[in-house]
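Examining the three-dimensional arrangement
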Amino acid sequence: MSKTVFDYEIRKLNDSFFEKYNKKEYPEIEVKKGRPYNFILFEIRYNCFVAAPFRTNIKHENSFKFEGCKRNKFGTSGIDYSKILIIEDSNYIGEVSKIDYDENSILVKNIVTIATEINDYIDDYKNHISGIKKMGKNKFRNKYKFSTLKYFHKELGI
């Protein structure tokens, strides 16, 4: 049985994305002036790009954590699923970026898991909102309370 291969890139997003999705109107989208975020970018579904940010200190379960990395002396770095962005316009995609060597090694070994978990996170949200497969109220709130997916219903076909 062959393993599924996912094409991905590590990128930044252009300032124009953050101008359109500004902090005032879209408070859950992570943006800090002078601090660019790196994203893992997949073109896997919805005819859009799915961009999940790398974070340095993740404390919740809606993520993939880079266990055992050097940067984790002060927190747990990883990919934050709750801050996924759905990008229709490729003009928002910025320059290629890099992450720490040890984090990249873990990423490469776990890319199928990460892509699958991102898909599942999006599908669970979409199925709940659409009424296809409802979660309990508390479970949904705990999983999606701070999620950015609520800003991308049109892109997700909800």
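Structure first, text after, so check above.
Residues numbered from 1 in each chain as written. Predicted model: local features only at pLDDT ≥ 70, side-chain atom pairs only at ≥ 80, totals over all residues. Heavy atoms only, no water.

1. Here we look at helix 3 (residues 111-130)
The criterion, for reference: Counting from the N terminus, the helices are the DSSP runs of H or I reaching at least four residues and the strands are the DSSP runs of E reaching at least two. Take the number of residues in a helix, subtract one, and multiply by 1.5 Å to get its expected span.
The terminal C-alpha atoms of helix 3, which comprises 20 residues, lie 28 Å apart, in line with the 28 Å expected from a rise of 1.5 Å per residue. Following helix 3 by one or two positions, Gly-131 has its phi on the positive side, about 80°.

2. Quick word on the packing of aromatic side chains
Remark: the centre distance and the inter-plane angle together describe each pair of aromatic rings, the angle taken between the planes. Rules: In this analysis, rings of Phe, Tyr and Trp, with Trp reduced to its six-membered ring, are considered paired at centre separations within 6.5 Å, and the interplanar angle assigns stacked below 30 degrees, edge-to-face beyond 60, and tilted for intermediate values. For every residue, the accessible area obtained with a 1.4 Å probe (protein chains only) is divided by the maximum for its type, and the residue is called buried under 20%, exposed over 50%, and partly exposed between those limits.
In this structure the tally under the stated criterion is 14 aromatic pairs. For the pair Phe-17 and Phe-18, a centre-to-centre distance of 5.2 Å together with 90° between the ring planes defines the contact as edge-to-face. For Phe-17, a relative accessible area of 0% gives the class buried. A residue is classified by how much of its surface remains accessible, and Phe-18, at 15% relative accessible area, is buried.

3. What about the environment of Val-112?
Looking at the element boundaries, Val-112 is found in helix 3. Residue Val-112 is classed as partly exposed on the basis of its relative accessible area of 22%. For the pair Val-112 and Asp-7, spaced 105 residues apart in sequence, the C-alpha separation works out to 10.0 Å.

4. A closer look at the side chain of Asn-38
Quick note on the threshold: Pairs of N or O atoms are called polar contacts if they sit within 3.5 Å, as long as, within protein, a hydrogen donor faces a hydrogen acceptor (for residues adjacent in sequence, only side-chain-to-side-chain pairs). Contact definition: two residues touch when any of their heavy atoms are within 4.5 Å.
Among the secondary structure elements, Asn-38 is positioned in the loop between helix 1 (15-20) and strand 2 (39-45). For Asn-38, a relative accessible area of 15% gives the class buried. At 3.4 Å, the side chain of Asn-38 and the backbone oxygen of Lys-98 are in polar contact. In contact with Asn-38, other than residues within four places in its own chain, are Ile-10, Arg-11, Lys-12, Ala-52, Pro-53, Phe-54, Ser-97, Lys-98 and Ile-99.

5. Focus: the nonpolar core
Rule in force here: Here, nonpolar core refers to any group of buried Ala, Val, Leu, Ile, Met, Phe, Trp, Tyr and Cys residues whose side-chain atoms link them within 4.5 Å.
If you look at the biggest cluster of nonpolar residues, it comprises 46 residues, and the most contacted ones within it are Phe-17, Ile-84 and Leu-107. Contributing elements (two or more residues each) for this core: strand 1 (8-13), helix 1, strand 2, strand 3 (48-55), strand 6 (85-87), helix 2 (101-109), helix 3 and helix 4 (137-144). Contact partners of Phe-17, with chain neighbours within four places excluded, come to Ile-29, Leu-85, Ile-87, Tyr-92 and Phe-152.

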